[in-house]
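# Structural features, examined
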Amino acid sequence: DQQVKQNSPSLSVQEGRISILNCDYTNSMFDYFLWYKKYPAEGPTFLISISSIKDKNEDGRFTVFLNKSAKHLSLHIVPSQPGDSAVYFCAALNTGTASKLTFGTGTRLQVTL
Amino acid sequence: NAGVMQNPRHLVRRRGQEARLRCSPMKGHSHVYWYRQLPEEGLKFMVYLQKENIIDESGMPKERFSAEFPKEGPSILRIQQVVRGDSAAYFCASSPSTGLNTEAFFGQGTRLTVV
């Protein structure tokens, strides 16, 4: 039962353009969402998060949007840079009952020159 | 301030042997989480520990797997009688507390290969 889904396994974007990574979830008890970036042979690195009481959170080139009614969130990277090429994982948390993160399967982003 | 340290980075075991994976959390962190990533999949939660206590082991297989986080020393994930299906990357994360504004910091992982 995949409670957090990233339906696009890969995405290719030209340098300078916007990258949009999508994530859907099924568990309505999730109330906190995070994005992690992962390079090969390294651990995931926290990127940005959003609470369910918000619909947008921005940090520099990264913005996360949350649509609770659609159980959908997205990560926007503007402008995309070659160093952004990595696997991006969406993760969700039910802060009321558990501290464990439920991860999606990841989207591999390739930023081309 | 050193990050989360995992060792070894790579571990090769024959079927039936034991694997011990170590995780030293960041300084001041008392919460440790273990996740497993199978090839082409996302990270799957295994176990959540605080010092000397297992808080949630709902993601850990009932047999052959165990975890501990002693008062002194690193957290250990132990896999007995390894099988080929245990081959994966095992990631440890630590956090100072649980809460909305706390993001867990991950180690670089241990890649276990069972031959």
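Predicted, not measured: the structure shown is a model, and the values here were computed from it. (Residues numbered from 1 in each chain as written. Chains lettered and ligands numbered in written order. Predicted model: local features only at pLDDT ≥ 70, side-chain atom pairs only at ≥ 80, totals over all residues. Heavy atoms only, no water.)

### Here we look at the interface of chain A and chain B
Frequently, the measure chosen for interface size is the accessible area that the parts lose on association. Filter applied, for reference: Here, two residues are considered to be in contact whenever any of their heavy atoms come within 4.5 Å of each other. Two parts lose some accessible area (1.4 Å probe) when they are put together, and adding that loss for both gives the buried area. Take a side-chain nitrogen of Lys or Arg and a carboxyl oxygen of Asp or Glu: if they are within 4 Å of each other, that pair is a salt bridge. Under the DSSP-based scheme used, a helix requires at least four consecutive residues in state H or I and a strand at least two consecutive residues in state E, with every element numbered from the N terminus. For this classification, Asp, Glu, Lys and Arg are treated as charged, while Ala, Val, Leu, Ile, Met, Phe, Trp, Tyr, Cys and Pro are nonpolar and the rest, including Gly, are polar.
Facing the 19 residues of chain A at the interface are 22 residues of chain B. Approximately 1600 Å² of surface area, both sides summed, lies buried where chain A meets chain B, with 59% of it carried by carbon and sulfur atoms. Area buried by chain A at its contact with chain B is led by S99, K100 and F103 of chain A, which between them contribute 29% of it. The interface formed by chain A and chain B includes 1 salt bridge. Here K100 of chain A and D56 of chain B are joined by a salt bridge, their closest N and O atoms 3.8 Å apart. Only β4 (32-38) and β5 (45-51) of chain A provide two or more residues apiece to the side of chain A that touches chain B. Counting residues per element, the side of chain A that touches chain B draws most heavily on β4 of chain A, which supplies 4 residues. When the residues that make up the side of chain A that touches chain B are grouped by side-chain class, the tally is 9 nonpolar, 7 polar and 3 charged.

### A short note on the packing of aromatic side chains
Quick reminder of the rule: In this analysis, rings of Phe, Tyr and Trp, with Trp reduced to its six-membered ring, are considered paired at centre separations within 6.5 Å, and the interplanar angle assigns stacked below 30 degrees, edge-to-face beyond 60, and tilted for intermediate values.
Evaluation of the coordinates by the stated rule reveals 11 aromatic pairs over all chains. Connected via pairs of aromatic rings, a cluster forms that spans Y36, F46, F89 and F103 of chain A together with Y35, F45 and F106 of chain B.

### Some details on the state of the cysteines
Rules: For the purposes of this analysis, a disulfide is any pair of cysteine sulfur atoms at a distance within 2.5 Å. Whether a residue is buried, partly exposed or exposed follows from its accessible area with a 1.4 Å probe, protein chains only, as a fraction of its type maximum: under 20%, in between, or over 50%, in that order.
Counting across every chain of the model gives 2 disulfides over all chains. Note that C23 of chain A is cross-linked by a disulfide to C90 of chain A, the S-S spacing being 2.0 Å. Across the S-S bond linking C23 of chain A and C90 of chain A, the dihedral sits near -70°, which makes this disulfide left-handed. Here C23 of chain A is found in strand β3 (residues 19-25), whereas its partner C90 of chain A is found in strand β9 (residues 86-93), with 67 residues between them in sequence. The exposure class assigned to C23 of chain A is buried, which follows from its relative accessible area of 0%. Across the disulfide from C23 of chain B sits C92 of chain B; the S-S distance is 1.8 Å. For the disulfide bridge between C23 of chain B and C92 of chain B, the dihedral angle about the S-S bond is near -50°, and by the sign convention the bridge is left-handed. Here C92 of chain B lies in strand β9 (residues 88-95) and C23 of chain B lies in strand β3 (residues 19-24), a separation of 69 residues in the sequence. The exposure class of C92 of chain B is buried, given its relative accessible area of 0%.

Geometric descriptors of this kind do not, in isolation, establish any biological role.
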